[in-house]
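A structural walkthrough
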Amino acid sequence: MKDFSGMNHAGRTWRVIAAVLLFAAVLVSAYFIADRSFMRRSQEKYRADTEWLGALIAAEKQWIRQNQGADGQIYMNGEKAGDVDPYFACHAALGLLAGAHGFEVHEEDVMCVREYLNWHTARLIESGGITGVYRYTDGRLLRIGNADSVDAYLGAYLELMGNYIRLCESADGLDRWEEGISLAVKTLRELTAGSLTAVSFDNGTQYLMDNLEVWKGLCTLESCFKSGLISESSLAQPERTVGMLRKGLESTIPKAFWDDEHGRWRVAADSSSFDGSAFYPDGIAQVYPLIFAFPVEDSEAQAELYRIFTEKFAWQDTDSGSRTFVWAMTSLAAAQAGDTDTLKHFLKSYEAKVGKGRSYPLYTGEAGWVCRGGAALYAIYSAEANRHLFK
């Protein structure tokens, strides 16, 4: 009899291989079906999140625009009160310029910022580089006090001016902007000692927060020089002065303010005092480098400071009752730390708080920070959605 055992064995082998291939095909098919389902759910989630963020940011921008007066000033909270603080107004205006990945900055926002910058520049020039705090009463502008931090006010002004010029790719429509920038840089240079800026000419204290704001403003302005949007010949204070001040701050801030022994930031240079229970200034100072995207040497230590700060103060809960203000600037620290869950929690909490009314202590400067934090989260969500789509 002919031996068919080899053929039977081969047949069994091929049947096993076919079964394995069929099983693999089923698994691959199931994977792709599940993956497509996951991608669809992810896309729907990102779409819902970005639509919500778009509506939130649009509402905050509208409120800021509604607080602009006839002369271009941006009120802190309403024309009736009439209070105008150029520092907080700059941060409100910076919020109007916030946009990322499909969330557009509209012409009405740009126009509002342009009118505000013209108002601010006029006040800066007439005051010789030191703006005050103002109140409109019966159509008249009254200076009711001095800026409590001359250096921080100038840093915010330069950041706004630089962001406007970068967005518009020109300084068209801005009145006396060269004079305003030159005066701001000149005043900062005069306030500088040992590469750090002092609070004012009457107060030589050098604060971490103020110096980071000045650094940010100089960085923004310097980028306008490097991209050719500002000609060096147009300013009395040229690019090399801006670069010198920026580089001095960048190298000196870590040396002057980082407390290596305790692994934390000093509030002021040459100061060892620290109150760990105080949200301001000691607590929030620990995340200021994140807020302004300052390049720290030890990113892990900075991340740990953010974690401790968030755990201790639960800043994302706007109705905690332990703070008068919502401190929306902290939202940018969360964005820099990649803490999207906490950032989203804060924005939802803020939205609920606004839903109860916009009476003081809510003010337009906070709304500006909400726009910036919301735009940062929008950008993160958009990048994640695109990554899933590409995958």
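A few points on the structure. These numbers come from a predicted model, not from an experiment.

Next up on the list: the overall build of the protein chain. Secondary structure assignment for the protein chain yields 13 helices and seven strands. The 391 residues of the protein chain split such that 51% are buried. For the protein chain, long-range pairs separated by at least 24 residues make up 70% of all intrachain contacts whose partners lie at least 6 apart in sequence. Of the roughly 18,800 Å² that the protein chain leaves accessible, carbon and sulfur atoms contribute 53%.

Moving on, we come to helix α4 (residues 150–168). Taking 1.5 Å of rise per residue, 19 residues should cover 27 Å, and α4 covers 27 Å from first to last C-alpha, within 8% of that figure. Among the 19 residues that make up α4, 16 are buried, leaving the element largely enclosed by the rest of the structure. Of the residues flanking the end of α4, it is E169, one or two places downstream, whose phi is positive at about 60 degrees.

A few words on unusual backbone geometry. In this structure, P281 follows Y280 across a cis peptide bond, with omega equal to 0 degrees. For the bond from Y360 to P361, the omega torsion is 25 degrees, close enough to zero to count as cis. Secondary-structure assignment places P361 in the loop between α12 (340–354) and α13 (364–390). For S195, which is not glycine, the phi dihedral falls at a positive 75 degrees. Phi is positive for A293, which is not a glycine, with a value near 55 degrees. In this structure, A293 sits in the loop between α9 (288–291) and α10 (299–313).

Turning our attention to a negative patch on the surface. Together, D260, E261, E297, D298 and E300 make up a negatively charged patch on the protein surface. Here E300 shows up in helix α10.

Mapped onto the fold, N118 is located in helix α3 (residues 107–126). Only 3.2 Å separates the side chain of N118 from the backbone oxygen of G173, close enough to count as a polar contact. Of note is the side chain of N118, whose polar atom sits 2.7 Å from the backbone nitrogen of D175. Residues contacting N118, with those up to four places away along its chain left out, are G173, L174 and D175.

The strand order across the open sheet formed by three strands is β1-β2-β3, and the pairing between neighbours is antiparallel. For this open sheet the edge positions go to β1 (83–84) and β3 (140–146), each flanked by a neighbour on one side alone. Two strands pair when backbone bridges link them, and strand β2 (residues 132–137) and β3 are joined in this way by six bridges, in the antiparallel orientation. Its bridge partner lying in β3, Y136 is registered against L141.

On the surface, W14, I17 and L21 cluster together to form a nonpolar patch covering roughly 360 Å² of accessible area. Inspection of the secondary structure assignment puts I17 in helix α1 (residues 5–66).

This part covers the packing of α3 against α4. Running from N to C, α3 and α4 point in directions that differ by 140 degrees, and their axes come no closer than 11 Å. Between α3 and α4, the angle falls in the class oblique. Crossing geometry of α3 relative to α4 is assigned as left-handed. Every residue of α4 that contacts α3 at V110, V113, R114, Y116, L117, H120, T121 and L124 is listed here: L154, Y157, L160, M161, Y164, L167 and C168.

What follows is about the packing of aromatic side chains. Overall, the coordinates contain 20 aromatic pairs when judged by the stated rule. Measuring from centroid to centroid gives 5.1 Å for Y87 and F88, while their planes differ by 80 degrees, and the two rings are edge-to-face. Note on Y87: relative accessible area 10%, which makes it buried. Ring geometry for F279 versus F309: centroids 5.4 Å apart, planes at 45 degrees, classification tilted. Of the two residues, F279 is situated in helix α8 (residues 279–285) and F309 in helix α10; the sequence distance between them amounts to 30 residues. Residue F279 shares its accessibility class with F309, and that shared class is buried. The positively charged end of R264 is found above the aromatic ring belonging to F274, 4.0 Å away from the centroid. A cation over a ring is seen here: R372 above W369, with NZ or CZ 4.2 Å from the ring centre.

Here the idea is plain: a probe the size of a water molecule rolls over the atoms and shows the empty space left. Under the counting rule described, the total for this entry stands at three cavities of 30 Å³ or more. Counted as a void, the largest cavity has a volume near 50 Å³. Forming the walls of the largest cavity are D259, R264, W265, R266, V267, S271, S272, S273, F274 and D282. Grouping the amino acids of the lining of the largest cavity by side-chain chemistry returns three nonpolar, three polar and four charged.

Scoring rules and cut-offs
- Per chain, residues are indexed from 1 in the order of the written sequence.
- Where totals are concerned, whole chains, interfaces and linings use all residues; where local detail is concerned, this predicted model gives features only for residues with pLDDT of at least 70, and gives and counts side-chain atom pairs only at 80 or more.
- Excluding hydrogens and water, the side-chain values take into account all heavy atoms of the structure.
- To qualify as a helix, a DSSP run of H or I must reach at least 4 residues; to qualify as a strand, a run of E must reach at least 2; elements of each kind are numbered from the N terminus.
- We call a residue buried when its accessible area falls under 20% of the maximum for its residue type, exposed when it is over 50%, and partly exposed in between, using a 1.4 Å probe and counting protein chains only.
- Working rule for contacts: check all heavy atoms of both residues, and any pair within 4.5 Å makes them a contact.
- All accessibility values rest on the Shrake-Rupley procedure with a 1.4 Å probe; residue burial counts only the protein chains present in the view.
- Take the residue count of a helix, subtract one, and multiply by 1.5 Å to get its expected span.
- The patches described consist of residues with a relative accessible area above 30% and no salt bridge, like charges being joined within 9 Å and nonpolar side chains (Val, Leu, Ile, Met, Phe, Trp, Tyr) within 5 Å.
- Salt bridges are defined as contacts in which a side-chain nitrogen from Lys or Arg sits within 4 Å of a carboxyl oxygen from Asp or Glu.
- For the purpose of counting charges, residues Lys and Arg are taken to be positive, whereas Asp and Glu are taken to be negative. His and the chain ends are not included.
- For charged residues, the charge sits on one atom: NZ in Lys, CZ in Arg, CG in Asp, CD in Glu.
- Any pair of nitrogen or oxygen atoms within 3.5 Å is treated as a polar contact; in protein, a donor-acceptor pairing is required on top of that, and neighbouring residues in sequence qualify only through side-chain atoms on both sides.
- In short, DSSP must find at least two bridges between two strands for them to pair.
- Every angle, taken between N-to-C directions, lies between 0 and 180 degrees, and every axis is a line fitted to C-alpha atoms, over only the stretch in contact when it is a helix.
- For classification purposes, angles smaller than 35 degrees are called roughly parallel, those larger than 145 roughly antiparallel, those between 65 and 115 roughly perpendicular, and all remaining angles oblique.
- Two helices cross in a left-handed way if the nearer one is turned anticlockwise from the farther one by less than a right angle. They cross in a right-handed way if the turn is clockwise.
- Between 30 and 60 degrees the pair is tilted, below 30 it is stacked and above 60 it is edge-to-face, where a pair is any two Phe, Tyr or Trp rings, Trp via its six-membered ring, whose centres lie within 6.5 Å.
- Working rule: Lys NZ or Arg CZ, within 6 Å of ring centre, within 35 degrees of ring normal, means a charge sits over the ring.
- Any residue with an atom within 4 Å of a point lines the site, the site being either a cavity, points on a 1 Å grid over the protein atoms alone where a 1.4 Å probe fits but cannot get out, or a pocket, an open set with protein on both sides within 12 Å along at least 5 of 7 lines.
- Grid points are joined across faces, edges and corners, and a volume is the space filled by probe spheres set on the points.
- Any residue that is not Ala, Val, Leu, Ile, Met, Phe, Trp, Tyr, Cys, Pro, Asp, Glu, Lys or Arg is counted as polar, Gly included; the first ten are nonpolar and the last four charged.

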